[in-house]
Amino acid sequence: ICKSYHGFHPAPWYLCCRSLSGAGTLRWNDNDRPKEFNFASDVLDYWTQMEQEGKRGPNPALWWVNNQGDEVKWSFREMTDLSRRAANVFTQTCGLQQGDRLALILPRLPEWWLVVIGCIRAGIIFMPATTQMKAKDILYRLQVSKAQGIMTTDTLAPEVDSLVSECPALKTKLLVSDHSRHGWLDFRSLIKSASPDHTCIKSKTLDPMAIFFTSGTTGLPKMAKHSHGLALRSSLPSCRKFLQLKTSDVLWCISDPGWILAVLGCLFEPWTSGSTLFIHHLPQFDPKVIQQTLFKYPITMCLGAPAVYRMVLQQISTSLRFPALEHCVTGGEALLPEEQEEWRRRTGVLLHEVYGQSETGISCGTLRGMKIKPGSMGTSIPPFDIQIIDEKGNILPINTEGNIGIRIKPTKPMGVFMCYEDNPVKTAEVECGDFYNSGDRATMDEEGYIWFLGRNDDVINSSGYRIGPAEVENALAEHPAVAESAVVSSPDPIRKEVVKAFIVLTPEFLSRDQDQLTQELQQHVKSVTAPYKYPRKVLDSKIYIFII
Ligand code: BCO
């Protein structure tokens, strides 16, 4: 049956069986480790085939909207066609080769999905990053990764041009825009003229696929390198239980495409199940737009950081009874039991918590249909085996505080990162006995539910962003008013934690108006690094400025 569906490219039979029976018979078991896997050819192209044979409904694979009333709907067939063109643009026009790296700094534009799938087809390692980055952040990423290519929009292109002479490895700049720019390739035009014929690489499951930059307690962000196994994990039976998506589902993941949450929730998860992926351009977060969108479109499932749900609850007083919404998921920071309960009360929909990191993807959660224990992040999602461990990797008894550890020995499960690229010391630091040590503190109860307690270091988690204090201190140090600074976390009712800066002023700034100087320093941080890291107002609407 499968062969007749697919001719030269037989799809994994599990997908055929699932589609025919609708029951979800899977090809791989949780502990299988196939030698080869490629999300584009093994999953996306399969759904294209299903569509062509009338075995999938008419709903689009990708449904993109913005506030101006523009709309893009692409079927799986169009996704296959366009992403093959993208792969040809990368390899033929740009001369990128398998193993090369592409920095991908795009807002939520439909092209982002073409680029990621195009990279997977061609074996180019994509490195997503948030558009909040400034020149210095981009320079660091390009230099440390030795990226051969970068893709961005008009907004960041001038920043890239200002630093390109310091990035000798960079040979291709691709622009997503309706206008052209000197020195940049026009991706939209190239896609139109590129050939739709492309032979997907035969990637080994453990070949590198993506790099995510992740902040640590000291120093600059590290490169967490993931293999194609990250995408394969979404196909494993235990992981399918997580959302239990159907082809008729419409999933909206409200995460910036720079984060691993978006790569999973806006791409691998929905498309593994042949579901529709919904995207709102959302250039600026606005709880009203979230409410209106959930009323207007038949979105059945929503995934976002707790701060998203919290801001909707706090800022919207009118109805939250959405017509199609059935299931909500949240992750990236801790969720309070009261917030979970209020969401249920006001929407009639349960809010399920998940937990993960750039290093691990989604590693535990309250799966659909599972009992919710308010305040808990659920249980580990096999094949991940999460245990609470001590500093030597010993498993601690139930209800004892320790570090969240994921078993990586004797076999590292699919989905756990390969390593911090070019950083064997940091890679070794997070290996703790038989476990990957997440650095997050928690307890586990007798039913295996995990209860988050906090970090074991000073990384700040502000509304789902991981912020290394040193990154903010370095940004502050560039201002002439700052002699010294110390950045710490401070509790906050909306963002749970915010960045708080203690600053020692240089003598020439001692007499300056402190309110004004506070604002100036905040603006300064926003202008030299990604603005989400800036020291927010605390207490008296001031950051603390100590004069000694
Ligand atoms: O709050 P302010 O207005 O003072 O400042 C905001 C922005 O206005 C400002 N800003 C943004 N872009 C700028 C800019 N300023 C200058 N130039 C620009 N280009 O900077 C501040 C940014 O803060 P924000 O991003 O928190 O903004 P906002 O609008 O409050 O967004 C709220 C959230 C909840 C939408 C946002 O915080 C968010 O998206 N959080 C979730 C992050 C996330 O997805 N984390 C998951 C990571 S992956 C993971 O954890 C693994 C799980 C498997």
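Look above for the structure.
Here's what I pulled together on the structure shown here. (Residues numbered from 1 in each chain as written. Predicted model: local features only at pLDDT ≥ 70, side-chain atom pairs only at ≥ 80, totals over all residues. Heavy atoms only, no water.)

## Details of the overall build of the chain
So, step 1. Scanning the chain for helices and strands turns up 17 helices and 27 strands.
So, step 2. Against the globule reference of 24 Å for 548 residues, the chain gives a C-alpha radius of gyration of 23 Å, in line with a compact fold.
So, step 3. Seen along its three principal axes, the alpha-carbon backbone of the chain occupies a region of about 80 × 60 × 50 Å.
So, step 4. Across the 548 residues in the chain, those meeting the buried criterion constitute 60%.
So, step 5. For the chain, the share of sequence-separated contacts (at least 6 apart) that also reach a separation of at least 24 residues comes to 68%. (Helix = DSSP H or I, 4+ residues; strand = E, 2+ residues; numbered from the N terminus. Rg over C-alpha atoms; globule rule 2.2 N^0.38 Å. Buried < 20%, exposed > 50% of the residue type's maximum accessible area, 1.4 Å probe, protein only. Contact = heavy atoms within 4.5 Å.)

## Focus: the side chain of D137
So, step 1. The residue D137 is located in helix α6 (residues 135–145) in this model.
So, step 2. Accessibility expressed as a relative area gives 8% for D137, which makes it buried.
So, step 3. With residues up to four places along the chain from it excluded, the contact list for D137 reads V528, T529, A530 and K533.

## Digging into the packing of helix α3 (residues 39–52) against helix α4 (residues 76–93)
Packed helices, taken two at a time, are described by their axes: the angle between them and the distance between them.
So, step 1. In the contact formed by α3 and α4, the axes pass within 7 Å of each other and the chain directions differ by 135 degrees. In terms of orientation, α3 lies oblique with respect to α4. Handedness of the α3/α4 crossing: left-handed. Across the interface between the two elements, L44, D45, W47, T48, E51 and Q52 of α3 pack against F76, R77, M79, T80, S83 and R84 of α4.
So, step 2. For the contact of α3 with α4, the residue count by class is four nonpolar, four polar and four charged. (Axes fitted to C-alpha atoms, helices over the stretch in contact; angles between N-to-C directions. Parallel < 35°, antiparallel > 145°, perpendicular 65-115°, else oblique. Left-handed = near helix turned anticlockwise from the far one by under 90°. Nonpolar A, V, L, I, M, F, W, Y, C, P; charged D, E, K, R; others polar.)

## Digging into the site of the ligand
So, step 1. By nearness alone, 25 residues border the ligand, and S463, Y465, R495, Y534 and R536 come closest of all.
So, step 2. The backbone of G464 places a nitrogen or oxygen atom 2.9 Å from a nitrogen atom of the ligand.
So, step 3. One of the side-chain nitrogen or oxygen atoms of R495 is found 2.6 Å away from an oxygen atom of the ligand.
So, step 4. Surface burial for the ligand is 76%, taken as the share of its 1100 Å² of free accessible area covered by protein chains.
So, step 5. Residue contributions to the shell around the ligand peak at three residues, all from helix α13 (residues 306–315). (Near = heavy atom within 4 Å. Polar contact = N/O pair within 3.5 Å; in protein donor to acceptor, adjacent residues only side chain to side chain. Areas by Shrake-Rupley, 256 points an atom, 1.4 Å probe, with all protein chains shown as cover.)

## Let's talk about the pairing of strand β13 (residues 327–330)
So, step 1. Along β13, one buried face is formed by H327 and V329 and the opposite face, lined by C328 and T330, is buried too.
So, step 2. Where strand β12 (residues 301–304) meets β13, four bridges bridge the pair, whose relative direction is parallel. Paired with C302 across the strands is C328, a residue of β13.
So, step 3. With three bridges joining them, β13 and strand β14 (residues 351–357) adopt parallel strand pairing. Following the sheet pairing, C328 is matched in β14 by L351. (Pairing = 2+ DSSP bridges.)

## Brief notes about the pattern of salt bridges
So, step 1. Within the structure shown, the criterion is met by 33 salt bridges.
So, step 2. Ionic pairing is found between D137 and K533, a salt bridge with its closest N-O pair at 3.7 Å. Of this pair, D137 sits in helix α6 while K533 is found in the loop between α17 (514–528) and β27 (544–546), placing the two residues 396 residues apart along the sequence. Each of the two residues, D137 as well as K533, counts as buried.
So, step 3. The salt bridge partner of E447 is K371, with a shortest N-O separation of 3.2 Å. Of the two residues, E447 is situated in the loop between β21 (435–444) and β22 (450–455) and K371 in the loop between β15 (361–365) and β16 (379–380); the sequence distance between them amounts to 76 residues.
So, step 4. By relative accessible area, which is 46% here, K371 ends up partly exposed.
So, step 5. Residues joined in a network through salt bridges with shared partners are R310, E333, E339 and K496. (Salt bridge = Lys/Arg side-chain N within 4 Å of Asp/Glu carboxyl O.)

## Details of the sheet that holds β15
So, step 1. What the nine strands build is an open sheet, ordered β2-β1-β11-β10-β12-β13-β14-β15-β16; its pairing is mixed. The outermost strands of the open sheet, each flanked by one partner alone, are β2 (71–74) and β16.
So, step 2. Note that β14 and β15 share four bridges and pair antiparallel. Note on β15: the bridge partner recorded for V354 is G365.

## Examining the nonpolar core
For soluble globular proteins, nonpolar side chains are generally found buried alongside one another.
So, step 1. Counting 78 residues, the largest nonpolar core has F90 and W271 as the members making the most contacts within it.
So, step 2. In contact with F90, other than residues within four places in its own chain, are G95, L96, L102, V115, G118, C119, I124, M151, L174 and F187.
So, step 3. W63, L294, C302 and L335 belong to the second largest nonpolar core, which has 26 residues in total. (Core = buried A, V, L, I, M, F, W, Y, C linked by side-chain atoms within 4.5 Å.)

## Topic: the state of the cysteines
So, step 1. Applying the stated criterion across every chain, the model contains zero disulfides.
So, step 2. For C302, which is in no disulfide, the shortest distance to another cysteine sulfur is to C328 and amounts to 5.2 Å.
So, step 3. Given a relative accessible area of 2%, C302 falls into the buried group. (Disulfide = S-S within 2.5 Å.)

## Quick word on the packing of aromatic side chains
So, step 1. Across all of its chains, the model carries 19 aromatic pairs by this definition.
So, step 2. Consider the rings of Y46 and W47, whose centres lie 5.0 Å apart with planes at 70 degrees: the pair is edge-to-face. For the pair Y46 and W47, one class covers both residues: buried.
So, step 3. Aromatic pair Y140 and F213: ring centres 6.3 Å apart, planes at 70 degrees, arrangement edge-to-face. With Y140 in helix α6 and F213 in strand β8 (residues 208–214), this residue pair connects regions lying 73 residues apart in the sequence. Here the two residues Y140 and F213 agree in accessibility, since each one is buried.
So, step 4. Connected via pairs of aromatic rings, a cluster forms that spans Y46, W47, F76 and W271.
So, step 5. Here the guanidinium or amino end of K222 rests over the ring plane of Y420, the centre of that ring lying 5.0 Å away.
So, step 6. If you follow R233 out to its NZ or CZ, it ends over the ring of F384, 3.6 Å from the centre. (Phe/Tyr/Trp six-rings, centres within 6.5 Å; stacked < 30°, edge-to-face > 60°. Lys NZ or Arg CZ within 6 Å of the ring centre and 35° of its normal.)

## Some details on α4
So, step 1. When the terminal C-alpha atoms of α4 are compared, their 24 Å separation across 18 residues agrees well with the 26 Å that a helix rising 1.5 Å per residue should span.
So, step 2. Within the sequence span of α4, burial applies to F76, M79, T80, L82, S83, R85, A86, A87, N88, V89 and F90. (Expected span 1.5 Å × (residues − 1).)

## Things to note about helix α14 (residues 337–347)
So, step 1. Along α14, the positions that sit buried rather than exposed are E339, Q340, W343, R346 and T347. One side of α14 holds all its buried residues, which, seen down the axis, span an arc of 145 degrees.
So, step 2. Contact partners of the buried residues in α14: α13, β13, β14 and β26 (496–505).
So, step 3. At the C-terminal side of α14, G348 shows a positive phi close to 80 degrees. (Arc of directions from axis to C-beta.)

## Re the side chain of T300
So, step 1. Mapped onto the elements of the fold, T300 is located in the loop between α12 (287–296) and β12.
So, step 2. The buried category is assigned to T300, whose relative accessible area is 9%.
So, step 3. Apart from the residues within four sequence positions on either side, T300 is in contact with D249, V250, A324, L325, E326 and H327.

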